[in-house]
Amino acid sequence: MLSDARRAVSGDANYKGSDVVAALPAVARAVILLGALLLAHGLSVRITCAQGLEPAAMLKPAADTWPTYNGDYSGRRFSTLDQINAGNISSLALAWVFRTNTNIKSTPLEVNGVLYFSAPDHVWAIDARYGRELWRYTRKSEGDHIGNRGLGMYKDWLYFTTPDAQLVSLNAKDGTLRWIVELADPKLGYFSTMAPLLIHDHVIAGISGDVTDLRGYLESIDPETGSIQWRWYTTPDPGEPGSETWPKDSDAILHGGGMTWMSGTYDPALNLLYWGTGNPNPVLVGEGRPGDNLYTCSIVALNPDTGALMWYFQPSPHDLHDWDAVETPVLFDAAFKGQPRKLLAQASRNGFFFVLDRATGEHLVTAPFIDQNWASGIDAKGRPIAKPEATPSPDGALVEPGSDGATNWMAPSFDPQTGLFYVNARRLFSIFFKTAQGKAEGWGGRDRNLWANSTLRALDYQTGKVVWNHEIGDGESIAGILTTAGHLLFSADNAGNLLALDPATGKTLWHLNIGGELLASPMTYQLDGRQYLLFAVQDSLYAFALPEKPRASR
Amino acid sequence: MFRRPQRALKISFAAVITFAAATATTESRPRQQTASAESAAVERGRKQFVESCGFCHGADATGGRGPDLVRSPLVAHDVKGDKIGEVIRNGRADKGMPPQSLTNQQISDLAAYLHFRLTESIESAGVPPAYPVQRLLTGKAEAGKDYFNGAGHCKDCHSPSDDLAHVAQKYSSTELESRMLYPDAPRVNCTVTLASGQQVKGTVKHIDDFVLVMKDGSGWYRTFSRDQVKVELHDTLAAHRALLNQITSTEFHDLFAYIASLK
């Protein structure tokens, strides 16, 4: 209790309260600190429980926390912190480094002065001011160790997913194991990498696995007991709505894919959960699954309390190129053709940018955000129309983009100050070989990458037009984007340089050769009146801040 | 799904389990014997499968009247025939599958075949190293030759009697087709103009928005800050990138038919 009060008091930048309080007699200290605690409680929901995270705090996260994968429910990855800004960015200094021994793709959570982040099989809690380890949890597992995007938090509990498709709950105080529940059968090929999303008393967890022909689904799990609350299947049961987009009397629909492997977004006022789904199976071969294949490669709006489907939009119908539509469905309120609208935007794997009304699912915009050669046009529903020659074939089909996509899981951003949507995009050419003969199982073939380069782009959400373009070099970047109220956009190029750009123009304002690739998305938080900017580069976390003023000597 | 760059062949979960299961019974034998013993079992299993199971489950186990066994959870959980054997011996009366009394060896072979089919489906997520070139030869070599000498502008840099002589012998089928469109490891040459006006020519080692590292004519490396010099790049593969943006499907396969004839 007392330590929380001291933290609340010393959070005020105007004076070093801890120094003043420490000098008083014990009783006076207790009275003052109790008063400060009550005052702090009134100012912010943050201090409700000792170090944990109250679900209500997620509705309006304190500006200096990062309590969920995308920072908040909207997925905008726009921070209102502006201590670090365009005026002082050239003074940015390294505050501390934390090293691990494995690549980090997760976006850390910051809650009450602690950073929580992950890699496959590993979770760390470190002090967010000084970068010192508090505890570490390790659980070795079988399955695909391609990456882990991060954690979810609820009160004193943490949640993360594993390569063997389990959901693990840990005690956030010390990293001890609380329980493990199975999300999907790893022996069938399922695994999981996503950062669970906490909505009131639901842990929303998704799964991966398209190397074998599996059925995708999304689950809501009780954060206390681990029991399943609901499961929404990406492919419907035969006879259910949407099943008419699959062949009848075939096992295709129950092995149709549609993995749910990236965290979605949520609108508390509408109480709608937005989630993107992955590609259908068999991946490159569509003969056994004629039809649009709902709800694979779709953006769906679900009721988070029941899992009921409220509306859907399909960026890539009858997909044949592994173009998951799992990219963040970013939510923002803005004017569209003169009217204020509640919007949802996705820069999708297939190279197209979509804007929808997120209350109704009404389609508003479709436009390519980068070079592509596979679509001949856009249909009446706003979906791109695939050219026949883009179909994977035994003799090889040259397609731009390749299966790795015109963008991928790395975080996009929407900046309300500029009104621009930002995406890390690729020009990527691949030859798609269909190698399956007879009934396809699994991928049924593969594409071979020929060449790629990457670029950061700003899009006008009303038209999809490219407002500015900032090339970041040869290769396929997976660097995420962060924008801030300090008029800064943070990301990285393909040469190992961290970048700060002007979000209005794309001009470089700051860079640093960090000596490694940004495999994750930057995040930021503020403690004791000091803003920290965090990048996970390869196996290390780098925390930047403005230089501290020298302390007065004692 | 997001996948790693394709150069590294991914060893996936079931391949690990399958391999582990297969080698567990034969750990005392040397590796070579193990591999050929396994493939012999798979071959026997394939024949046995056609005979005993194919009429319902399809000759390649992908289903027919009976389910697709490549997608079977039971097969995925099976270890050396423990679960598969039970189903074969007891049948599935409610599903119309008759019991069959097969020997332990026959069941073991069938299990080996089914696990092999599962591994095959997992490994289908890769271009096989030995891909029959016949499948790629859907174009007309004569038209490809015309494209090479005409609209493709290939002859501006290449010649079938010089750099491309016998090129079809140097690469596997899919490698040849891929490299035809875009070869590996481009060499980028550069001309750097210093503030003094002096020019330095060489090959690029590293370039980004801020720094150029190049090797000059003397063989030494030199570094420049981009804001202090002018850099002109001469990318020898620029024409190939332009090709990617222009070539049609027909031209692509015609050109390949021609290139594949340069043996």
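Counting starts from 1 at the beginning of each chain's written sequence and moves along it residue by residue. Chain letters start at A and ligand numbers start at 1, both assigned in the order the entries are written. Confidence filtering applies because this is a predicted model: local features only for residues at pLDDT of at least 70, side-chain atom pairs given and counted only at 80 or more, and all residues used for totals across whole chains, interfaces and linings. No hydrogens and no water enter the side-chain calculation; it runs on all heavy atoms of the structure.

Peer 1: Just checking my understanding: could you explain the pattern of salt bridges for this structure?
Peer 2: Residue and element names in this part refer to chain A. Only one rule defines a salt bridge in this text: a Lys or Arg side-chain nitrogen within 4 Å of an Asp or Glu carboxyl oxygen. This model, assessed by the stated rule, comprises 38 salt bridges over all chains. Across the pair Arg358 and Asp333 runs a salt bridge whose closest N-O atoms are separated by 2.7 Å. Of this pair, Arg358 sits in the loop between strand 21 (352–357) and strand 22 (363–368) while Asp333 sits in strand 19 (residues 330–336); the two residues are 25 residues apart in sequence, bridging distant segments of the chain. Relative accessibility decides the category of a residue: with a 1.4 Å probe and only protein chains considered, values under 20% of the type maximum give buried, values over 50% give exposed, and everything between is partly exposed. Here Arg358 falls in the buried class, since its relative accessible area comes to 6%. Of the charged contacts in the structure, one is a salt bridge between Arg341 and Asp357, with a shortest N-O distance of 3.0 Å. One end of the pair, Arg341, is in strand 20 (residues 339–347); the other, Asp357, is in strand 21, with 16 residues separating them in the sequence. Helix and strand definitions here come from DSSP, where helices need a minimum of 4 consecutive H or I residues and strands a minimum of 2 consecutive E residues; each element is numbered from the N-terminal end.

Peer 1: I'm lost on the pairing of strand 31 (residues 488–492) of chain A in this one. Help?
Peer 2: Residue and element names in this part refer to chain A. Most of strand 31 sits inside the fold, with five of its five residues counted as buried. Alternating residues of strand 31 divide into Leu488, Phe490 and Ala492 and Leu489 and Ser491, and every residue in both groups is buried. At least two bridges found by DSSP between two strands are what make those strands a pair. Relative to strand 31, strand 30 (residues 482–484) runs antiparallel, the two being bridged by three bridges. If you follow Leu482 over to strand 31, its bridge partner there is Phe490. Counted along the chain from strand 30 to the antiparallel partner strand 31, the turn is three residues long, and its residue His487 has a positive phi close to 60 degrees. Both strand 31 and strand 32 (residues 497–501) contribute to a ladder of four bridges, which runs antiparallel. Within the sheet, the bridge partner assigned to Leu489 lies in strand 32 and is Leu501. Taken together, strand 31 and the strand that follows it, strand 32, pair antiparallel across an intervening segment of four residues, in which Gly496 is found at a positive phi of about 85 degrees.

Peer 1: So what exactly am I meant to see when it comes to helix 11 (residues 249–259) of chain B here?
Peer 2: Every α-helical turn comprises 3.6 residues, leaving residues that sit three or four positions apart pointing alike. Counting buried residues in helix 11 of chain B gives eight out of eleven residues, a clear majority hidden from the surface. Along helix 11 of chain B, the residues that are buried comprise Phe252(B), His253(B), Asp254(B), Leu255(B), Phe256(B), Ala257(B), Tyr258(B) and Ile259(B). Next to the buried residues of helix 11 of chain B lie strand 25 (397–399) and strand 27 (420–434) of chain A together with helix 7 (141–149), helix 8 (167–170) and helix 9 (173–181) of chain B. Pairs of residues are marked as contacts when any of their non-hydrogen atoms sit within 4.5 Å.

Peer 1: For this particular structure, what's the right way to read helix 7 of chain B?
Peer 2: All names here are of chain B. When helix 7 is considered as a whole, its buried residues turn out to be Gly144, Tyr147 and Phe148. Angular distribution of buried residues about the axis of helix 7 spans 100 degrees; they occupy a single face of the element. Facing away from the buried side of helix 7 by more than 90 degrees, the exposed set consists of Glu142 and Asp146. Contacts made by the buried residues of helix 7 are with helix 10 (238–246) and helix 11. Throughout, the arc means that of the directions going from the helix axis to the C-beta atoms.

Peer 1: What should I look at first to understand the side chain of Arg129(A) in this one?
Peer 2: Structurally, the position occupied by Arg129(A) is in the loop between strand 5 (122–127) and strand 6 (133–138). Polar contacts here mean pairs of N or O atoms no more than 3.5 Å apart (in protein, one a potential hydrogen donor and the other a potential acceptor; neighbouring residues in sequence count only if both atoms are side-chain atoms). In terms of polar contacts, Arg129(A) uses its side chain to reach the side chain of Asp528(A), at 2.6 Å.

Peer 1: I would appreciate a short explanation of the confidence of the model for chain B in the present structure.
Peer 2: For residues with low pLDDT, the predicted coordinates do not support detailed interpretation. All names here are of chain B. Summary of the metric used: pLDDT quantifies the predictor's per-residue confidence within the range 0 to 100. In this model, chain B carries an average pLDDT of 88, and 87% of its residues clear a pLDDT of 70 or more. Contacts of residues 1–29 to residues separated by more than four positions or lying in other chains number 65 contacts, the stretch itself having pLDDT below 50. Listed scores for the predicted complex are pTM 0.89 and ipTM 0.85.

Peer 1: What am I meant to see in the packing of helix 7 of chain B against helix 11 of chain B here?
Peer 2: Any two packed helices are characterised by the angle at which their axes cross and by the distance between the axes. All names here are of chain B. Working convention: axes come from line fits to C-alpha atoms, limited for helices to the stretch in contact. Angles between N-to-C directions cover 0 to 180 degrees. Two elements in contact, helix 7 and helix 11, have axes whose closest approach is 7 Å; the angle formed by their N-to-C orientations is 100 degrees. Considering the angle they form, helix 7 stands roughly perpendicular to helix 11. Only Glu251, Asp254, Leu255, Ala257, Tyr258 and Ile259 of helix 11 make contact with helix 7, whose side of the interface consists of Ala141, Ala143, Gly144, Lys145, Tyr147 and Phe148. Polar here means any residue outside two lists: the nonpolar Ala, Val, Leu, Ile, Met, Phe, Trp, Tyr, Cys and Pro, and the charged Asp, Glu, Lys and Arg; Gly therefore counts as polar. Its residues assigned to classes, the contact of helix 7 with helix 11 comprises eight nonpolar, one polar and three charged. Roughly parallel covers angles under 35 degrees, roughly antiparallel covers those over 145, roughly perpendicular covers 65 to 115, and oblique covers all other angles.

Peer 1: How should I be thinking about the interface of chain A and chain B in this particular structure?
Peer 2: As a measure of interface size, the accessible area lost when the parts come together is often cited. Residue-level contacts link 67 residues of chain A with 45 residues of chain B. Buried area, as used here, totals the accessible surface that two parts lose on assembly, with accessibility defined by a 1.4 Å probe and the loss added over both. Together chain A and chain B conceal approximately 4,800 Å² of surface at their shared face, both sides included; 58% is due to carbon and sulfur atoms. Joining chain A to chain B, the criterion identifies five salt bridges. The closest approach of N and O atoms between Arg71(B) and Glu441(A), which form a salt bridge, is 3.1 Å. Between chain A and chain B we count 20 residue pairs in polar contact (both at pLDDT 80 or more) in total.

Peer 1: Would you take a moment to explain the sheet that holds strand 10 (residues 177–182) of chain A for this structure?
Peer 2: Where strands meet in a sheet, backbone hydrogen bonds hold them as pairs that are either parallel or antiparallel. All names here are of chain A. The sheet built from four strands is open, its strands ordered 7-8-9-10 with antiparallel pairing. Lying at the two open borders of the sheet, with one neighbouring strand each, are strand 7 (152–154) and strand 10. If you compare each strand with its neighbour and ignore which way they point, the axes differ by 20 degrees on average. Pairing between strand 8 (residues 157–161) and strand 9 (residues 166–171): five bridges, direction antiparallel. Looking at the pairing, Thr161 lines up with Leu167 of strand 9.

Peer 1: Help me understand the nonpolar core in this model?
Peer 2: Buried together is how nonpolar side chains tend to be arranged in soluble globular proteins. Residue and element names in this part refer to chain A. We define a nonpolar core as any set of buried Ala, Val, Leu, Ile, Met, Phe, Trp, Tyr and Cys residues linked to one another through side-chain atoms lying within 4.5 Å. Tyr116 and Tyr190 are the most contacted members of the largest nonpolar core, which has 64 residues in total. Look past the residues within four positions of Tyr190 in its chain and what remains in contact with it is Pro163, Ala165, Ala184, Asp185, Ile207, Ser208, Leu214, Arg215, Tyr217 and Met259. Formed by 39 residues, the second largest nonpolar core is a distinct cluster that contains Ala119, Ile126, Leu498 and Leu541.

Peer 1: Whenever I open this one, unusual backbone geometry confuses me. Can you help?
Peer 2: Negative phi characterises most residues that are not glycine, and trans characterises most peptide bonds. Residue and element names in this part refer to chain A. In this structure, the amide linkage connecting Asn281 to the following residue, Pro282, adopts the cis form with an omega of -15 degrees. Within the element layout of this structure, Pro282 appears in the loop between strand 16 (272–276) and strand 17 (299–302). Note the cis peptide between Glu400 and Pro401, where omega equals 5 degrees. Mapping Pro401 onto the fold places it in the loop between strand 25 and strand 26 (413–415). The phi dihedral of His318 falls on the positive side, at around 45 degrees, and the residue is not glycine.

Peer 1: For this particular structure, what's the right way to read the packing of helix 5 (residues 82–90) of chain B against helix 6 (residues 104–123) of chain B?
Peer 2: Residues and elements named next belong to chain B. At their nearest, the axes of helix 5 and helix 6 sit 9 Å apart, and the two run at 120 degrees to each other. Taken together, the axis directions place helix 5 and helix 6 in an arrangement best described as oblique. Crossing of helix 5 over helix 6 shows right-handed handedness. Two secondary-structure elements touch here, helix 5 through Ile84, Gly85, Ile88 and Arg89 and helix 6 through Asn104, Ile107, Leu110, Ala111, Leu114 and His115. Across the contact of helix 5 with helix 6, the residue classes tally to six nonpolar, three polar and one charged. Two helices crossing with the near one rotated counterclockwise from the far one by less than a right angle form a left-handed crossing, whereas a clockwise rotation gives a right-handed crossing.

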